[in-house]
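Examination of the molecular architecture
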Amino acid sequence: MERKDLLAANVKIFKVQGQALDKFSSKNVKVLVVGNPANTNAFICSHYAPSIPKENFSAMTRLDQNRATAQLANKVGVKIDDVKNVIIWGNHSSTQFPDASKAVVKGQAAAKLVDQAWVQKEFVPTVQKRGAAVIAARKLSSAMSAAKAACDHMKDWFQGTPSGTWASMGVFSDGSYGTPEGVMFSFPVTTSNGKWEIV
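The following refers to the structure shown. (Residues numbered from 1 in each chain as written. Predicted model: local features only at pLDDT ≥ 70, side-chain atom pairs only at ≥ 80, totals over all residues. Heavy atoms only, no water.)

**A look at the overall build of the chain**
Looking only at helices and strands, the chain features 5 helices and 10 strands. Taken over the C-alpha atoms alone, the chain extends approximately 50 × 40 × 30 Å along its principal axes. For the chain, with 199 residues in total, the buried portion stands at 44%. Surface summary for the chain: the accessible area is close to 10,700 Å², and the carbon and sulfur share equals 56%. Of the side-chain charges in the chain, 24 are positive and 15 negative, and the distance between the mean point of each set is 5 Å. (Helix = DSSP H or I, 4+ residues; strand = E, 2+ residues; numbered from the N terminus. Buried < 20%, exposed > 50% of the residue type's maximum accessible area, 1.4 Å probe, protein only. Areas by Shrake-Rupley, 256 points an atom, 1.4 Å probe, with all protein chains shown as cover. Lys, Arg positive; Asp, Glu negative; His and termini not counted. Charge placed at Lys NZ, Arg CZ, Asp CG, Glu CD.)

**Brief notes about the pairing of strand 9 (residues 184-192)**
Of the pairings in the sheet, the one linking strand 8 (residues 167-172) to strand 9 comprises 6 bridges and is antiparallel in character. Note that in strand 9 the partner of Ser168 across the bridge is Pro188. When strand 9 meets strand 10 (residues 195-198), the two strands line up antiparallel, connected through 4 bridges. Within strand 10, the position partnered with Thr191 by the bridge is Trp196. Between strand 9 and strand 10, which pair antiparallel one after the other, the connecting turn spans 2 residues, and Asn193 there sits at a positive phi close to 55°. (Pairing = 2+ DSSP bridges.)

**Some remarks on the side chain of Arg62**
For Arg62, the location among the structural elements is in helix 3 (residues 62-76). In this structure Arg62 comes out as buried when scored by relative accessible area, which is 11%. Looking at Arg62, its side chain comes within polar contact range of the side chain of Asp156, at 2.7 Å. (Polar contact = N/O pair within 3.5 Å; in protein donor to acceptor, adjacent residues only side chain to side chain.)

**Section: the environment of Pro53**
Structurally, the position occupied by Pro53 is in the loop between helix 2 (38-47) and strand 2 (57-59). Judged by its relative accessible area of 28%, Pro53 falls in the partly exposed class.

**Topic: the nonpolar core**
Counting 16 residues, the largest nonpolar core has Leu72, Val86 and Phe123 as the members making the most contacts within it. When residues of this core are traced back to their parent elements, those giving at least two are helix 3 and helix 4 (116-138). At 5 residues, helix 4 tops the list of elements feeding residues into this core. Discounting chain neighbours no more than four positions away, the residues touching Leu72 are Val83, Val86, Ala100, Ala103, Val105, Ala110, Val114, Trp118 and Phe123. (Core = buried A, V, L, I, M, F, W, Y, C linked by side-chain atoms within 4.5 Å. Contact = heavy atoms within 4.5 Å.)

See below:
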């Protein structure tokens, strides 16, 4: 299936989902869109659910954040839990930008632990293409990794990010970092009391 065909099919699917949410769900519902292209699908779903606040829609880039965090942890020889604030900018696709420039490893700036050549030549392209690599190797998607990422995303959204920790979430842009206002874009966010705030 060509990408344009996938987009056309997704418009129908996420239009119906948005209309159903608009008609039947609580206006406090939190909607996480995982199906690709997640940012576009979340945008469509929200468009067809105008009674639900736009800030209640999110596209998942946590899978990419988890992959990037694991890659950085592996490179410096620490546990995944020792790495914080790796960020995904943009969309869950090969156009995303995985960013370790503000990442922290055991309280130390990750930028001091890895060289820029590794970041540019290995880290960024590996994270960008990881989904395709998994499918090529397994002939299946990484469904369990995506399920874990969805759980991580919703846990942070409902329970809040720990102090000093950021999460990557595709949310409607308010124009931060020079992005066009109103597009669904992955930013570093903090969360508290069921609300997100762009860092």
